[in-house]
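Summary of the model geometry
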Amino acid sequence: MKMNERNNHRKITVQLIKRSSLYMVSLAILFILIGFLTTISPAYRFSSEVVSTWTSKIETSTYVHLFSMENRAFQEAVPKDQPIPKISSTIFELATSIKPQDPRSLLGNELPGFSIFDREILIAGEGTNYTNLPIESSPPLEEVMKDREAILGDEPEDDKKQEGEKDRPTTGGKKVVYLYNTHNYESFLPHLPKVSDPNNASHNEVNITKVSDRLAKSLEAEGIGTQIETTDIMELLHSKNWKYGKSYQASREVVKEAIAVNKDIKYIFDIHRDSERRNVTTKKINGKDYARVMIVIGANYDAYKDNLDFATRLHYKLEEKYPGISRGVIPKKGKGTNGIFNQDLSDQAILFEFGGVDNTLEELYRTADALAEVFGEFYWDAEKVSVEERED
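1. A look at the overall build of the protein
Counting its secondary structure elements, the protein contains 12 helices and 9 strands. Here the protein holds 392 residues, and the buried ones make up 40% of them. Within the protein, residue pairs in contact and separated by at least 24 positions form 76% of the contacts whose partners lie at least 6 positions apart. As displayed, the protein has an accessible area near 23,200 Å², and 54% of this comes from carbon and sulfur atoms.

As structure tokens, this is what we get:
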């Protein structure tokens, strides 16, 4: 009996020693690892961007399952018939960057041209999916600058009468919004009677700059001083003998100069026209057709999340007042795109894709008025908060 007790005591003692040794070794390894990571050159340390890239390769459902183990509330977000992700599958995704449930992760690297669908959608508006996202085209500059017949017609009147303008706050003469058009010859097929090919929808006068003019007028009516860039970017490209693909490089110098001259500029909007067709870019709201907008944020620079946050808040405000007018918010980076769009010059910069090749100026102006109205509320709410914070 006593012999058995001694044996049991020895076993327990051995187990305690093993566990204690394992604990001490683990603790020593942890301290060594921490010391190594904190003393090595910054160039070789793990950055948040590296960690973010690794974790982005894992299916979202994996994180939801992990959270649900700690908080039962997350279990409501997991379909009952969805199995728990296997550790082997997670390791496979990390090692290969291939997600079994997403064929784009494999085909995008193997099939020529398929990589254009390997995009990210931060917020998908009504009907928005990977097949109808904006695509940056790069036509020959000579084709863009060709003389074409255009029909402008009568300028549509404001759908809304601006009431009580005298009672509205104003920026006091300060131009706080800056509008420009990197692809300033982007035009619309309904105003080009002899053009049927969307790739040739360009004109030197009847183009996207008309929408910027309307947006500026509507913003001014909201009391928000707005500066419009009048530099002809296509002519600037031509004078430098640059190709169309260098449009953002050309507009960048123009934007930098504007910011340097006008220190009051807080918001920078680059206004474009998308190449998608009418069924994607048009929405009927209260019986009237509106050109829809897609908000694009470049993600090839470190501080892009500030602009992404700004774009997200603006999207939801647009949807609240004009449901369906926003096609969503997409970050763009990597191959086949500029990925910056001059947005690194400000933490409140956005690229808007206004409508598409089949929209009319009347529909586009209607959307410009709606955006000005919503942004006006956004701007003055932000100003009110800023004043209250300064007073505190």
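2. Thoughts on the pattern of salt bridges
For side chains bearing opposite charge, pairing can occur when the charged atoms are close. This structure, assessed with the given rule, holds 18 salt bridges. The residue Glu 149 makes a salt bridge to Lys 194 at a minimum N-O spacing of 3.5 Å. Of this pair, Glu 149 sits in the loop between α6 (141–144) and β2 (177–180) while Lys 194 sits in the loop between β2 and α7 (209–221), placing them 45 residues apart in sequence. Given a relative accessible area of 71%, Lys 194 falls into the exposed group. One salt bridge in this structure joins Lys 266 and Glu 383, with 3.1 Å as the shortest N-O distance. With Lys 266 in the loop between α9 (247–261) and β4 (267–272) and Glu 383 in helix α12 (residues 361–391), this residue pair connects regions lying 117 residues apart in the sequence.

3. Notes on helix α11 (residues 304–321)
Think of an α-helix as 3.6 residues a turn; residues three or four steps apart then line up on the same face. The end-to-end C-alpha distance of α11 is 26 Å, a good match for the 26 Å that 18 residues give at a rise of 1.5 Å each. Buried within α11 are the following residues: Tyr 304, Asn 307, Leu 308, Phe 310, Ala 311, Thr 312, Leu 314, His 315 and Leu 318.

4. Let's talk about the packing of aromatic side chains
The tally for this structure, following the rule as stated, stands at 15 aromatic pairs. Where Tyr 267 meets Phe 375, the ring centres are 5.0 Å apart and the plane angle is 85°; that geometry is what we call edge-to-face. Taken together, the positions of Tyr 267 in strand β4 and Phe 375 in helix α12 put the pair 108 residues apart, joining distant regions of the chain. In terms of burial, Tyr 267 and Phe 375 fall into one category: buried. Directly above the aromatic system of Trp 242 lies the positively charged group of Lys 240, at a separation of 5.0 Å from the ring centroid. The ring of Tyr 290 carries Arg 366 above its face, with NZ or CZ at 5.9 Å from the centroid.

5. Points about unusual backbone geometry
Although it is not a glycine, Phe 341 sits at a positive phi angle of roughly 55°. By relative accessible area, which is 2% here, Phe 341 ends up buried. The phi angle at Asn 342 is positive, at roughly 65°, despite the residue not being glycine.

6. Brief notes about the nonpolar core
Ranked by internal contacts, the top residues of the largest apolar core, which has 47 residues, are Val 177, Val 211, Phe 269, Ile 350, Phe 352, Phe 354 and Phe 375. Contributions of two or more residues to this core are made by β2, α7, β4, β6 (288–291), β7 (293–298), α11, β9 (349–354) and α12. Considering every element that reaches this core, the biggest residue donor is α12, with 12 residues. Apart from the residues lying within four places of it in its own chain, the contact partners of Ile 350 are Ile 268, Phe 269, Asp 270, Ile 295, Val 296, Ile 297, Phe 310, Ala 311, Leu 314 and Gln 343. Formed by 16 residues, the second largest nonpolar core is a distinct cluster that contains Val 144, Ile 265, Ile 268 and Ala 349.

7. Quick look at the sheet that holds β2
For sheets, the rule is that strands pair by backbone hydrogen bonds, running either parallel or antiparallel. Taken together, the 7 strands give an open sheet; going across it, the order is β1-β8-β7-β9-β4-β2-β3, and neighbouring strands pair in mixed fashion. Looking at strand neighbours, the two that pair on one side only are β1 (123–124) and β3 (226–228), the edges of this open sheet. Across 3 bridges, the pairing between β2 and β3 is parallel. When the sheet's bridge partners are listed, Val 177 is paired in β3 with Thr 226. Helix-sheet contacts for α9 involve β2, β3, β4 and β9, and the interaxial angle to β2 is about 155°.

8. Some details on the side chain of Asn 307
Take Asn 307: it is sitting in helix α11. There is a polar contact of 2.8 Å between the side chain of Asn 307 and the side chain of Tyr 301.

9. Regarding the environment of Asp 289
Of note, Asp 289 is situated in strand β6. Residue Asp 289 is classed as partly exposed on the basis of its relative accessible area of 21%. Excluding residues within four positions of it along the chain, Asp 289 makes contact with Arg 278, Thr 282, Lys 283, Lys 284, Glu 363 and Arg 366. Within polar-contact distance, the side chain of Asp 289 engages the side chain of Arg 278 at 3.3 Å.

10. Thoughts on the pairing of strand β5 (residues 282–285)
Bridging between β5 and β6 involves 4 bridges; their strand directions are antiparallel. Opposite Lys 283, over in β6, you have Tyr 290 as the bridge partner. What sits between β5 and β6 in their antiparallel hairpin is a turn of 2 residues, with Asn 286 showing a positive phi close to 55°.

Reading the values: rules and limits
- Residues numbered from 1 in each chain as written.
- Predicted model: local features only at pLDDT ≥ 70, side-chain atom pairs only at ≥ 80, totals over all residues.
- Heavy atoms only, no water.
- Helix = DSSP H or I, 4+ residues; strand = E, 2+ residues; numbered from the N terminus.
- Buried < 20%, exposed > 50% of the residue type's maximum accessible area, 1.4 Å probe, protein only.
- Contact = heavy atoms within 4.5 Å.
- Areas by Shrake-Rupley, 256 points an atom, 1.4 Å probe, with all protein chains shown as cover.
- Salt bridge = Lys/Arg side-chain N within 4 Å of Asp/Glu carboxyl O.
- Expected span 1.5 Å × (residues − 1).
- Phe/Tyr/Trp six-rings, centres within 6.5 Å; stacked < 30°, edge-to-face > 60°.
- Lys NZ or Arg CZ within 6 Å of the ring centre and 35° of its normal.
- Core = buried A, V, L, I, M, F, W, Y, C linked by side-chain atoms within 4.5 Å.
- Pairing = 2+ DSSP bridges.
- Axes fitted to C-alpha atoms, helices over the stretch in contact; angles between N-to-C directions.
- Polar contact = N/O pair within 3.5 Å; in protein donor to acceptor, adjacent residues only side chain to side chain.

Function-wise, these values are silent; they only describe arrangement.
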